[in-house]
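Structure at a glance
Given next are the chains, with one letter for each unit.
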Amino acid sequence: MAAVNILTTQNLTKSYGGNVANNSIDFELPTGKVMALIGPNGAGKSTFVGMLCGRIEATEGQVFFDGQNISKLPAHERIALGIAYTFQITSVFSGLTLHENVALAARRYLGKDTEAVEAKVAAVLQRVGLSDRAQQIAGDLSYGHQRILEIAMGLAQDPRLFILDEPTQGLAETEVQDFIKLIRSFTDKTTILLIEHNMDVVMNAADYITVLNFGEILAAGTPQEISANAAVQAAYLGTDPDA
Amino acid sequence: MDFGPHLLLASLEGAVAAAILALTAIGLSIVFGVMRVVNVAHGEFYMIGAVIAWWVASIVGTHPALGFVAALVVAPLIVGMLAATADKFILQKIDYDPDRTIVATIGLLYIIQQITLMTFGPEARPVQPPFNTRLALPWFEFGENGFEMYWPWGLSITSYKLFVIFAAIAIMLALWMLMTRTKIGLIMRATQQDSDMAKAFGIPVNRVYSWVFGLGAGLAAAGAVLVVPMQQAHYLMGHDPLLLSFIVVIIGGLGSLPGTVIAAILIGMSDGIISVFFSPTLAKIIATLVVAMVLVFRPNGLMGRSN
Amino acid sequence: MTDSKRSIILHLSFIAVLALVFFILPDYHTGNLARIMVLAIFAMGYNFLFGYTGLLSLGHALFFATGMYGLGMTMQFFDLSSGSAFIAGLICALLVSAIIGALALRTVGVAFMIITLMFSQAGYLIILYFGEYSRGDEGFIIAREARAFMGFDLSDETNRYYAALILFSICFLVIAKLVNSPFGRTLIAIRENEERAKMLGYDVAKYKLIAVIISGVVSGAAGASYALLFGYVGATFATVQYSIFPLLWVLLGGAGTTIGPFIGVLFMFYLIDLSSVVTPAYMLIAGVVLVLLTLFAPQGLAGELRKRVFKWLP
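Summarised in this report is the structure supplied together with it.

Quick notes on the rules
Residues numbered from 1 in each chain as written. Chains lettered and ligands numbered in written order. Predicted model: local features only at pLDDT ≥ 70, side-chain atom pairs only at ≥ 80, totals over all residues. Heavy atoms only, no water. Helix = DSSP H or I, 4+ residues; strand = E, 2+ residues; numbered from the N terminus. Rg over C-alpha atoms; globule rule 2.2 N^0.38 Å. Buried < 20%, exposed > 50% of the residue type's maximum accessible area, 1.4 Å probe, protein only. Contact = heavy atoms within 4.5 Å. Areas by Shrake-Rupley, 256 points an atom, 1.4 Å probe, with all protein chains shown as cover. Lys, Arg positive; Asp, Glu negative; His and termini not counted. Charge placed at Lys NZ, Arg CZ, Asp CG, Glu CD. Pairing = 2+ DSSP bridges. Phe/Tyr/Trp six-rings, centres within 6.5 Å; stacked < 30°, edge-to-face > 60°. Lys NZ or Arg CZ within 6 Å of the ring centre and 35° of its normal. Axes fitted to C-alpha atoms, helices over the stretch in contact; angles between N-to-C directions. Expected span 1.5 Å × (residues − 1). Parallel < 35°, antiparallel > 145°, perpendicular 65-115°, else oblique. Left-handed = near helix turned anticlockwise from the far one by under 90°. Nonpolar A, V, L, I, M, F, W, Y, C, P; charged D, E, K, R; others polar. Patch = residues over 30% accessible without salt bridge, like charges linked within 9 Å, V, L, I, M, F, W, Y side chains within 5 Å. Salt bridge = Lys/Arg side-chain N within 4 Å of Asp/Glu carboxyl O. Buried area = accessible area lost by both parts, 1.4 Å probe. Polar contact = N/O pair within 3.5 Å; in protein donor to acceptor, adjacent residues only side chain to side chain.

The helix and strand tally for chain A stands at 9 helices and 10 strands. Radius of gyration (C-alpha) of chain A: 18 Å, near the 18 Å computed for a compact globule of 243 residues. The principal-axis extent of the C-alpha atoms belonging to chain A is close to 50 × 40 × 35 Å. In chain A, which comprises 243 residues, the proportion classed as buried is 52%. Within chain A, contacts between residues separated by at least 24 positions form 65% of all contacts whose residues are at least 6 apart in sequence. Total accessible area computed for chain A in this model is approximately 10500 Å², and 49% of it derives from carbon and sulfur atoms. For chain A, the separation between the mean place of its 17 positive charges and that of its 27 negative charges on side chains is 6 Å.

Written out as structure tokens, the structure reads:
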């Protein structure tokens, strides 16, 4: 039985020395939805997702994935449970071909079944529209294509939760529109957690929004509720000229 | 000799070893601290320091003190310039990539060592100490006749060895002044903190690196000039100082100068003491394994901060 | 023709060429070539860790020496037959590399290099310390009668050459197969971008440990083969120099290529062989080559070849 919330956190806290980056965050991510995590620079968004996928060790608190307490698991075991993560700064295997990049993502759970891996790679590349570049070296791709490749690597893992850390950063306007369409098409199988600066993307792609400020949750709700929220406007939207 | 006097003798020998080691290791530590590269050829700069000292001393010739003083000035200078040149034509060209720098300095190690073998030859050659009076040391004991002082046979140190300890301290103090009180030191520290930022402020980072690399090698050479009247110059003599300096720099926390000095005293003294009482091979095995374990479980050294 | 077919043909024909040149070359060179093939096994073991996994060790002499002494000591003191002693050598190398790997892999980068260097140095000193049994730097000879395997006298030129070739071929093919397997691909991924590999769900620590062990066992096999085929065991093979050599060979031949280690050993062997006629300071050549390589050909000979001419080279 699929839980209502695929991911929840309780009292999740991270402090560096005396500085609290995340303070006692209780967070719920409904299954099958697109959740956007927004907040000003330094609000603690990256620390928060870092603790979700195990890159950063939490000082205190728990993370539950699909009902299971994963707080003590190392990063790779969390990923193996069905969490995919894309980096804020593009991080692909730049010396390998695009095909191999995606194959590495699929092979981890398909194992030695070469045919299944090949089929998966072909399907994923088809879906993101990079099939004709399969044999190119990833490092030679344009920046936009590298970002798409990152997403393809996430998709190839068939994740139940897909965490995207600022995926549209540095993309051109037309690419952003395609990107929103792509994200929306995943929700049949995948829950998405999106860290995003671009409010256009947030408003068009997200079902729910959580606003982080000074390491705490300031507000949570639908895009309409958030844009009407006075506290959010004061803390975040009001100070952001792009909003 | 009784245990007490024996221990005193061992500690004095250890102090001499520690003084030399501190100089050599600080050279390595500065290079690592500022440039973030490991110089595997450091021991060879030490070795040519000793060889040049022999060479200068045999040219000057007249009085041992004259040759020694000349060597103490000339050897670090030549070695420093040599190192700066190597930095400019090799390390700078590979952009101080950590792995490639190690490989390149391994290459440099063999080049320096083997050229020395071809020119200087495989013999060990001595340098006369400038002065070498034997100073007998007293020992105190509470015996039958109450408290008494006597002069155990064999408990002595030479005036030269005492000089080495003080000379090393003097050089380190001068270095400390250079690092904290002068503009050169400020530039070095700025480059260490953030080389990109330093570049933005108009500091010629590449030239700073060459100077630092030269300074590090020069310090090793200075240590070698001090050592060569006690231990002959030989083309393979750079091996042990390299390994010991590595150990010291690691224990002291990579790049931390005070840590390096403390670790040098610790290692130098205990090496001196242990090798008086145990077989030197066993002492080395234990020391090497202990240090390796320290590095495994405290990768930032005993005194280093974690980042 | 697909790349994998090309690759199989390349590997097999390379072995065939090595099998045939024995009849063409004069004795002096076939003797050299036997030695080169054994050292190439060492280089391949090193390459597996350095070239494919991206871990630079400065302590592989320890693994080579472990295999060598594992075979030599068991033959000398327990009268094991050459086959069982060979296995003993491999087991020793496996244990040592597992322990060193588990400890050293707690660190990364420069610390990893220095730790491997220090463990290897400790190993060398231990051999010297037990000089009564190990005969230290002087070493000991394994008696000619003992060096037989299944009735073949391995001190005989022809038998030795083909024994070296068989061992070389096994390692060569197994490693070629391994680096093309999903396991090997994952190692390459770790070399390229360790953080990414971890965030794709790979247990990077486990993969790296297995890589160290495989590399250690292959290097140990080289040490055991050397002792068996050339009948000599000595502490010289545990010195720092023998940790630097495989790095040099692999860099020269081409890190991360299957054929590079052999090419590197071949070139270096003859460079040193020729220069040692002229000067006793033959290691000068090694130094110069290392510096030139880092400056001008960081990919090595086979690597540059792959970059410029044969893109499919494995």
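All names here are of chain A. Burial analysis of strand S3 (residues 34–38) places 5 of its 5 residues in the buried class, which makes it a mostly covered element. Side chains Val34, Ala36 and Ile38 project from S3 onto one buried face, and the interleaved Met35 and Leu37 project onto a second face that is buried too. Sheet topology note: the S3/strand S8 (residues 191–195) ladder contains 4 bridges and is parallel. Residue pairing in the sheet places Val34 in a bridge with Ile192 of S8. As defined by bridge partners, S3 adjoins strand S9 (residues 208–213) across 4 bridges and the pair is classed as parallel. Paired with Ile38 across the two strands is Val211, which belongs to S9.

Let us now look at the packing of aromatic side chains. According to the stated counting rule, one finds 26 aromatic pairs over all chains in the structure shown. Where Tyr160 of chain B meets Phe163 of chain B, the ring centres are 5.8 Å apart and the plane angle is 40°; that geometry is what we call tilted. Here Tyr160 of chain B and its partner Phe163 of chain B are both found in helix H5 (residues 159–181), 3 residues apart, which amounts to about one turn of the helix. Here Tyr160 of chain B falls in the buried class, since its relative accessible area comes to 1%. Judged by relative accessible area, Phe163 of chain B falls into the partly exposed class, the value being 27%. Seen in terms of ring centroids, Phe269 of chain C and Tyr270 of chain C are 5.8 Å apart; in terms of plane orientation they differ by 70°. Their pairing is edge-to-face. Joined through ring pairs, the aromatic side chains of Phe42, Phe64, Tyr226, Phe230, Tyr232, Phe237, Tyr242, Phe245 and Trp249 of chain C make up one cluster. Over the face of the ring belonging to Phe230 of chain C we find Arg35 of chain C, whose NZ or CZ atom lies 4.3 Å from the ring centre.

All names here are of chain A. As summarised here, the arrangement of the 6 strands in space is S6-S7-S8-S3-S9-S10, forming an open sheet in which the pairing is mixed. Of all the strands in the sheet, the pair left with one neighbour each is strand S6 (83–86) and strand S10 (216–221). Across the sheet, the mean angle separating the axes of adjacent strands is 15° when strand polarity is ignored. Sitting on the sheet, helix H5 (residues 143–155) is in contact with S6 and strand S7 (161–165), with an inclination near 160° to S7.

In this model, helix H4 (residues 82–104) of chain C (23 residues) spans 32 Å end to end at C-alpha, consistent with the 33 Å of a helix rising 1.5 Å per residue. Within H4 of chain C, the full set of buried residues consists of Ser82, Ala85, Phe86, Ala88, Gly89, Ala93, Ser97, Ile100, Gly101, Leu103 and Ala104 of chain C. Buried residues along H4 of chain C sit against helix H11 (280–297) of chain B together with helix H3 (60–78), helix H5 (109–129), strand S2 (148–149), helix H7 (157–180) and helix H10 (204–230) of chain C.

Quick look at the packing of helix H3 (residues 98–110) of chain A against H5 of chain A now. Residues and elements named next belong to chain A. Between H3 and H5, the shortest axis-to-axis distance is 7 Å and the interhelical angle comes to 30°. What the angle tells us is that H3 and H5 run roughly parallel. The two elements H3 and H5 meet at a crossing, and its hand is right-handed. Of the residues in H5, those touching H3 at Leu98, Asn101, Val102 and Ala105 are Leu149, Ala152 and Met153. Residues of the contact of H3 with H5, tallied by class, amount to 6 nonpolar, 1 polar and no charged.

Nonpolar side chains collect at one region of the surface, where Leu289 of chain B together with Phe77, Phe78, Leu80, Ile126, Tyr129, Phe130 and Tyr133 of chain C lie side by side and expose about 760 Å² of accessible area between them. Among the elements of the structure, H3 and H5 of chain C are those that each provide at least two residues to the nonpolar patch. As for its position among the elements, Phe130 of chain C is in the loop between H5 and helix H6 (131–134). Its relative accessible area of 44% is what places Phe130 of chain C among the partly exposed residues.

What follows is about the interface of chain B and chain C. With 38 residues of chain B at the contact, the number on the chain C side is 37 residues. Of all residues in chain B, Val103, Tyr110 and Val296 of chain B bury the most surface against chain C, accounting for 18% of the area lost on that side. Summed over the shared surface of chain B and chain C, the result is 0 salt bridges. If you look at where chain B meets chain C, you find 0 residue pairs in polar contact (both at pLDDT 80 or more). Elements supplying a minimum of two residues to the side of chain B that touches chain C: helix H3 (64–91), helix H4 (98–119), helix H9 (239–251) and H11 of chain B. In terms of residue count, the dominant contributor to the side of chain B that touches chain C is H4 of chain B (14 residues). Its residues assigned to classes, the side of chain B that touches chain C comprises 28 nonpolar, 6 polar and 4 charged.

Let's shift gears to the sheet that holds strand S2 (residues 19–30) of chain A. Paired through their backbone hydrogen bonds, the strands of a sheet run either parallel or antiparallel. All names here are of chain A. One open sheet accounts for 4 strands, arranged S2-S1-S4-S5; its pairing is antiparallel. In this open sheet, the two strands that pair with only one neighbour each are S2 and strand S5 (68–69). Summarising the sheet, strand S4 (residues 60–65) and S5 pair through 2 bridges and their orientation is antiparallel. When the sheet's bridge partners are listed, Phe65 is paired in S5 with Gln68. Those strands touched by helix H1 (residues 45–53) are strand S1 (5–16), S2 and S4, and its axis lies near 120° from that of S1.

Next up on the list: the side chain of Thr8 of chain A. All names here are of chain A. For Thr8, the position within the fold is in strand S1. In this structure Thr8 comes out as buried when scored by relative accessible area, which is 18%. Sequence-distant contacts of Thr8, defined by excluding residues within four places in its chain, comprise Phe27, Glu28, Gln62, Val63 and Phe64.

With 23 residues of chain A in contact, the opposing surface of chain C contributes 16 residues. Interface area, chain A with chain C, both sides summed: about 1800 Å², of which 64% is carbon and sulfur. The largest per-residue losses of area from chain A upon contact with chain C belong to His76, Phe93 and Leu104 of chain A, which jointly make up 31% of the total buried on that side. The tally of links between chain A and chain C comes to 3 salt bridges. Notably, a salt bridge pairs Glu100 of chain A with Arg185 of chain C, separated by 2.8 Å at the nearest N-O pair. For the interface between chain A and chain C, the tally reads 9 residue pairs in polar contact (both at pLDDT 80 or more).

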